[in-house]
Amino acid sequence: MRRDEKFVITINRELGSGGRTVGRKLAEKLGVPFYDKAVINALEEKFNLDVDEIEKLKGRSHTWWAELKHMLWIDESIDVACYEPESESALTIETPTSAKMFKTEEEILRGIADEESCVIAGRAGFYVFRNHPNHLNILIQASMPFRLERVMRKQKLSEAEARKTIEKVDKMRENYVKEYTKTSRYDTRNYDLVISADGMSEDEIADMILGYIK
């Protein structure tokens, strides 16, 4: 990946690995925006976006994403909090209800990357940008004890509750990826870099990725 040209870095991660925080820190160190499902959901809800509406926006302006970004006041200085599942009902937010919704998210992500360099967490980014001329796809994993400890601490859950949440999210995210990309999120051939978070801080992982890029 070349930093002197427009680039996109995607972070796919296991729940409890700290991957989203790594993505945010990496974006800060690179001086580029960070996007996750919170931003995508905000766009869909605020502007009632779907594939047809995006096509209309494209027809009116080739900088449609930049205009939407300005309207939302989204920039590097704003930290849009990621939705973290805390209950079984909350997990449904992970999965789009139709192929059309997945296509809408795909179009939004591509619109973002067309306008600026960025770091994107989740949203099957490794698949969406597989043919992007200047991309880096990263998978961040961790052992179950590491993930359990983090989810228990972050979500204030018991070990049994944390394990149930991890197992449910793992299954849901894998089903999501298989349904819309026909591949597995665990297939390492989808990534340029696979990292184990065990024994490392988020800053150390972000620095490791920077070193890889250099």
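**Structural notes on the sheet that holds strand 4 (residues 135-141)**
Sheet architecture is open: five strands sit in the order 2-3-1-4-5, paired in parallel fashion. Edge positions in the sheet fall to strand 2 (34-35) and strand 5 (193-196), since each of these pairs with one other strand and no more. Where strand 4 and strand 5 come together, four bridges link them in parallel fashion. Each bridged residue has a counterpart across the sheet, and for Leu139 the counterpart in strand 5 is Val194.

**Digging into the side chain of Asn134**
Within the secondary structure layout, Asn134 lies in the loop between helix 6 (125-128) and strand 4. For Asn134, a relative accessible area of 3% gives the class buried. A distance of 2.8 Å separates a polar atom in the side chain of Asn134 from the backbone oxygen of Arg2. Setting aside anything within four residues of it in sequence, one finds Asn134 in contact with Met1, Arg2, Glu5, Lys6, Phe7 and Val8.

**Some details on the packing of helix 5 (residues 99-115) against helix 8 (residues 159-181)**
Running from N to C, helix 5 and helix 8 cross one another at 90°; their axes reach a closest spacing of 11 Å. Judged on the interaxial angle alone, helix 8 and helix 5 are roughly perpendicular. Seen from helix 5, the contacting residues are Ala99, Phe102 and Glu105; seen from helix 8, they are Tyr176, Tyr180 and Thr181.

**Considerations on the environment of Asn190**
In this fold, Asn190 is placed in the loop between helix 8 and strand 5. Distance in space between the C-alpha atoms of Asn190 and Ile138 is 8.6 Å, their sequence separation being 52 residues. Beyond its immediate chain neighbours, meaning those up to four positions away, Asn190 contacts Phe126, Asn137, Thr183 and Ser184. Of note is the side chain of Asn190, whose polar atom sits 2.9 Å from the backbone oxygen of Ser184.

**Looking at the confidence of the model for the chain**
The predicted model of the chain averages 82 in pLDDT, with 73% of residues at 70 or higher. Across residues 75-94 the pLDDT falls below 50, and counting only partners more than four positions away or on other chains, this stretch makes 45 contacts in the model.

Conventions adopted
- Residues numbered from 1 in each chain as written.
- Predicted model: local features only at pLDDT ≥ 70, side-chain atom pairs only at ≥ 80, totals over all residues.
- Heavy atoms only, no water.
- Pairing = 2+ DSSP bridges.
- Helix = DSSP H or I, 4+ residues; strand = E, 2+ residues; numbered from the N terminus.
- Buried < 20%, exposed > 50% of the residue type's maximum accessible area, 1.4 Å probe, protein only.
- Polar contact = N/O pair within 3.5 Å; in protein donor to acceptor, adjacent residues only side chain to side chain.
- Contact = heavy atoms within 4.5 Å.
- Axes fitted to C-alpha atoms, helices over the stretch in contact; angles between N-to-C directions.
- Parallel < 35°, antiparallel > 145°, perpendicular 65-115°, else oblique.
- pLDDT = per-residue confidence, 0-100.

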